[in-house]
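What follows is each chain in one-letter form.
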Amino acid sequence: VGVTRVLREEGPSSKIVTIAGYSVIKGRGEPYESSVFEAAGYKWIEETETIPYGLEVNVDLKLFVHVPKLEKYLTITDGAVKRFNAEKKEWGFEQLIDLASFENTNEGYIVQDTCSFGAEIFIVKPAKVQEKVTFISNPPRNVFTWEIPHFSDMEDKFYYSDDFLVGDRYWRLGFNPKGGSALPIYLDAQGFRPDAVATNTWGAVNLRLKNQRSTNHRERYSAAWYPIRSGYGVGVNSIISLADLHDASKGYLVNDAIIFEAEMVKVTVTNIVSV
């Protein structure tokens with residue numbers, strides 16, 4: 001298949017050639033070329049030597065042979081985009097079908113010395129925009145502190161912090177103070193800031209339970225891809241045992257209050273940009 005010049009933009013197109021008298025063409029021992037045809041906005045099989053320099057057409061090409069016996073087409077494609085240009089004017093496949101199988105009348109490709117071939121052509125246009133994902137390390141305003149008073153009065157349920165914005169997305173912390181023998185802490189992904197591209201988001205965070213008497217904080221690292229939906233949480237099931245938490249000498253529970261901290265060390269920001 002060869003291409004010459006642009007005519008107009010169209011969707012995928014097909015060309016079918018039926019040969020009544022296959023044995024005659026085979027006996028001549030010469031190749032057969034179809035007439036010029038228009039498909040997907042281009043003319044094919046015509047003056048391929050005159051392709052202007054710089055013209056480039058990307059094609060998803062499928063070649064097929066009709067099987068009347070089964071009322072279907074045998075389609076050949078390798079899934080690769082074919083790039084037609086001045087240097088490469090023709091594309092195809094080395095073997096559409098084994099010749100012995102094709103000429104075997106029991107296979108159903110040739111009926112009464114007649115067979116049909118075809119091509120389906122779909123123009124793959126270059127993208128005008130692309131989605132660009134950028135990993136940002138230590139983004140601005142990436143530390144959020146959550147102080148929780150009256151810890152002893154809390155119930156056996158999940159509590160959540162206010163939302164905080166890092167990157168293009170809002171986040172929140174969540175935990176259950178009485179869900180087991182240890183204190184968990186999770187980072188939830190929430191909604192997106194206005195005009196942000198809503199997509200999966202990478203969030204890597206240092207989760208801390210602050211020591212209020214020293215720098216001996218309890219810290220755990222967590223990282224995950226967060227889906228678009230809100231309320232998806234990832235974190236750790238145990239940042240400190242409840243026994244250590246309630247040990248006054250440890251310095252984590254002071255005046256019946258604890259302090260969590262989230263340091264977002266890496267997030268993704270997604271933009272739609274021109275190619």
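Above: the structure in question.
Residues numbered from 1 in each chain as written. Predicted model: local features only at pLDDT ≥ 70, side-chain atom pairs only at ≥ 80, totals over all residues. Heavy atoms only, no water.

A. Molecular detail of the packing of aromatic side chains. Taken as a whole and judged by the stated rule, the model has 15 aromatic pairs. Judged by centre distance (6.0 Å) and plane angle (20°), the rings of F158 and Y160 are stacked. When its relative accessible area of 40% is taken as the criterion, F158 is described as partly exposed. Joined through ring pairs, the aromatic side chains of Y22, F102, Y109 and F117 make up one cluster. Its guanidinium or amino end placed over the ring of Y160, R172 lies 3.7 Å from that ring's centre, counting from NZ or CZ. (Phe/Tyr/Trp six-rings, centres within 6.5 Å; stacked < 30°, edge-to-face > 60°. Buried < 20%, exposed > 50% of the residue type's maximum accessible area, 1.4 Å probe, protein only. Lys NZ or Arg CZ within 6 Å of the ring centre and 35° of its normal.)

B. Seen up close, the side chain of N211. Relative to the helices and strands, N211 resides in the loop between β15 (201–209) and β16 (218–226). There is a polar contact of 3.5 Å between the side chain of N211 and the backbone oxygen of N216. Of the polar contacts made by the side chain of N211, one reaches the backbone oxygen of K250; its length is 2.9 Å. Non-local contacts of N211, meaning those with residues more than four positions away in its chain, are made with N216, H217, K250, G251 and Y252. (Helix = DSSP H or I, 4+ residues; strand = E, 2+ residues; numbered from the N terminus. Polar contact = N/O pair within 3.5 Å; in protein donor to acceptor, adjacent residues only side chain to side chain. Contact = heavy atoms within 4.5 Å.)

C. Spotlight on the pattern of salt bridges. Counted under the stated rule, the structure contains nine salt bridges. Across the pair R193 and D168 runs a salt bridge whose closest N-O atoms are separated by 2.7 Å. Of this pair, R193 sits in the loop between β14 (182–192) and β15 while D168 sits in the loop between β12 (164–166) and β13 (169–175), and the two are 25 residues apart along the sequence. The class of D168 is buried, set by a relative accessible area of 8%. One connected set of salt bridges, linked through shared partners, spans R208, K210, E219, E261 and E263. (Salt bridge = Lys/Arg side-chain N within 4 Å of Asp/Glu carboxyl O.)

D. A look at the nonpolar core. In this structure, L173, F175, L183, L245, I258 and F260 are the most contacted members of the largest nonpolar core, which totals 32 residues. The dominant element in this core, judged by the number of residues it contributes, is strand β18 (residues 258–274), at five residues. Dropping the residues within four chain positions of it, I258 is found in contact with W146, E147, I148, F151, F175, L183, L209, Q212, L245, Y252 and L253. One finds V57, L61, L63 and F84 within the second-largest nonpolar core, a separate group that totals eleven residues. (Core = buried A, V, L, I, M, F, W, Y, C linked by side-chain atoms within 4.5 Å.)

Read these as spatial facts, not as claims about activity.
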